[in-house]
Amino acid sequence: MEKNKITQCMKPHGEEGIQTIKNMNQNHKEISDFAFENIAIGENDSILDIGCGGGVNIEKFLKLTQSKVYGLDYSQISVNESIKQNKEAINQGRCKIIYANVADMPIEDESFDFVSAFETVYFWPDITETFKEVWRIVKKDGQFMIALGTDGNHPDDELWLSTVEGMHVYTKEQLESYLFNAGFSSVRSYKKENDYILVVIAKK
């Protein structure tokens, strides 16, 4: 049971995967709310949410811009749930959900003004190289935002690392270094007061 739970966290699948996504939508709400408090989205900004899960953040972005909002995930269950969550916008041609891996995205260079990653970089392979792939698809002067429930100092970090296969936890300083190494020109970070929630925003 625990092994299956670990797998679901990394890549939701099957019937249990649907419940996992619903749980994530609920459990990640505080992280999402804090992230949205610290970003500025232009009404014509094109947006991509990587690791879109159940699509609730896509729904939020659609209310902030008149441009396209895409989602990307390598879990087919997540893609399906995001499509259900944003069916109207998809039918209107404002939204598209892509089944793909962040390490090799089928997206043209400099396609998006704003790219987000909520609670997902823990599982990204070769973090600097993957950040370079994100840098590639961000427009000049565009932004890449990472939102996490831990700043690398959460008391449960060791428990998560010992039980969740393939998971990596990063500090603010590590993320900033990786982002600069990937080519981003500036990075700013926000930590929620009296909490471990961390938001890092890099500019190309």
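Reference entry: report on the structure contained in this document. What you see is a predicted model, and the numbers here were worked out from it, not measured in a lab. (Residues numbered from 1 in each chain as written. Predicted model: local features only at pLDDT ≥ 70, side-chain atom pairs only at ≥ 80, totals over all residues. Heavy atoms only, no water.)

**Notes on the pattern of salt bridges**
Close approach of charged atoms lets side chains of opposite charge pair. Inclusion rule: Salt bridge criterion: a side-chain nitrogen from Lys or Arg within 4 Å of a carboxyl oxygen from Asp or Glu. Only DSSP runs of H or I covering at least 4 residues are called helices, and only runs of E covering at least 2 are called strands; the numbering of each starts at the N terminus. With a 1.4 Å probe rolled over the protein chains alone, any residue whose accessible area is under 20% of its type maximum counts as buried; one over 50% counts as exposed, and the rest are partly exposed.
Enumeration according to the criterion identifies 12 salt bridges in this entry. Across the pair Glu110 and Lys204 runs a salt bridge whose closest N-O atoms are separated by 3.6 Å. Note that Glu110 is positioned in the loop between strand S3 (95-99) and strand S4 (112-118) and Lys204 in the segment after strand S7 (198-203), a separation of 94 residues in sequence. For Glu110, a relative accessible area of 43% corresponds to the partly exposed category.

**Structural notes on the side chain of Asp49**
For clarity, the threshold we go by: Charge counting follows a simple rule: Lys and Arg are positive, Asp and Glu are negative, and His as well as the terminal groups are ignored. Residues count as neighbours in contact if any of their non-hydrogen atoms are within 4.5 Å of one another.
With respect to the helices and strands, Asp49 occurs in strand S1 (residues 47-50). Buried charge without a salt bridge: Asp49, with Lys60 as the nearest opposite-charge side chain at an N-O distance of 10 Å. Beyond its immediate stretch of four places on either side in the chain, Asp49 contacts Asn57, Ile58, Tyr70, Gly71, Leu72, Ser116, Ala117 and Phe118.

**Things to note about the pairing of S1**
Put simply, the rule is: Two strands make a pair as long as DSSP finds a minimum of two bridges between them. Seen with its strands pointing away from the viewer, a crossover is right-handed if its path from the first strand over the helix to the second goes clockwise.
Neither face of S1 is open: one carries Ile47 and Asp49, the other Leu48 and Ile50, and all of them are buried. Strand direction decides the pairing type here: S1 and strand S2 (residues 69-73), joined by 4 bridges, are parallel. In the sheet register, Ile47 faces S2, and the bridge partner there is Val69. Chirality of the crossover, the property in question, places the unit of S1, helix H4 (residues 56-62) and S2 among those that are right-handed.

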